[in-house]
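Breakdown of the fold
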Amino acid sequence: MSIQENILYFDEQLRPTPCRLVAVTKTHPVEVIKEAYDAGHRLFGENKVQELVDKYALLPHDIAWHLIGHLQTNKVKYIAEFIDTIQSVDSLKLLVEINKRAEMYGRTLPINCMLQINIADEVTKYGMTCEEAEALLQTEEYRQMQYIRITGVMGIATNTDEEQKLRQEFQQLRHCFNRLKETFFMGNDDFKEISMGMTSDWRIALEEGSTMIRVGSGIFGARDYSRK
Ligand SMILES: *Cc1c(COP(=O)(O)O)cnc(C)c1O
């Protein structure tokens, strides 16, 4: 199927749901991304700062860019001016920097941030425990921040095809979302996103309450890392 057909397919699949599609463009050149854009898609995700900055410059500016990969504090400055959402916030230190840079750039809109929760049992995955996220939200530093807005949680499940395991991890993220919602965001409509599910497991994630699936190869085809 073409990229356009893939976008239309996901549009159809998600239309009856509250879930949105983040089209993950990592490793793919702008000409390929433009095909998804021309099919009407406006929500894209990248996992590396440099690639994101390059693509932002070359593509139309009505795209909402989400950073979905690990973000080092010293790189926030490169994306703070234009980024819509940083899905991979995993420490208070990082959030402090994001807030600071958003203020410096005098943005009219705050930077949307999602707390990345570690739900997989692979030690290499980034993210906080739900308890660490709660601790972050309790700090006075967080409460004073005016240039960021926390819109939800994000998680990356274990790379497995065991459905029960995936379900259990997605449920864990949903429970964390519910807990944070009840404790910190009652009556705050900004906090509404559960970003989970990728090409191999998005259907399961959707069944478990995902509001944002992040799909790369399922739209753009397999990634060729040797190109870079
Ligand atoms: C690459 C990536 C995806 C998309 O992966 P696919 O398997 O190609 O759909 C989703 N989320 C994150 C954080 C990624 O880095």
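Summary of the structure given here. Note that the structure is a prediction, hence the values are computed from the model and not measured.

With that settled, consider the packing of aromatic side chains. Aromatic ring pairs are described here by two measures, namely the spacing of the ring centres and the angle between the planes. Evaluation of the coordinates by the stated rule reveals six aromatic pairs. Ring centres 5.8 Å apart and planes at 40 degrees place the aromatic pair Phe44 and Trp65 in the tilted group. One end of the pair, Phe44, is in strand E2 (residues 43–46); the other, Trp65, is in strand E3 (residues 64–67), and 21 residues separate them in sequence. Taken as a pair, Phe44 and Trp65 share a single burial class, namely buried. Judged by centre distance (3.8 Å) and plane angle (15 degrees), the ring pair of Tyr56 and Phe82 falls under stacked. With Tyr56 in helix H3 (residues 49–58) and Phe82 in the loop between helix H4 (76–79) and strand E4 (85–89), this residue pair connects regions lying 26 residues apart in the sequence.

So, on to the environment of Ala64. Following the sequence through the fold, Ala64 ends up in strand E3. The class for Ala64 is partly exposed, based on a relative accessible area of 22%. Along the backbone, Ala64 and Gly40 are 24 residues apart, and their C-alpha atoms lie at a distance of 12 Å. When neighbours within four sequence positions are excluded, Ala64 is seen to be in contact with Arg42, Leu43, Phe44 and Asp84.

Parameters and conventions
- Residues numbered from 1 in each chain as written.
- Predicted model: local features only at pLDDT ≥ 70, side-chain atom pairs only at ≥ 80, totals over all residues.
- Heavy atoms only, no water.
- Phe/Tyr/Trp six-rings, centres within 6.5 Å; stacked < 30°, edge-to-face > 60°.
- Helix = DSSP H or I, 4+ residues; strand = E, 2+ residues; numbered from the N terminus.
- Buried < 20%, exposed > 50% of the residue type's maximum accessible area, 1.4 Å probe, protein only.
- Contact = heavy atoms within 4.5 Å.

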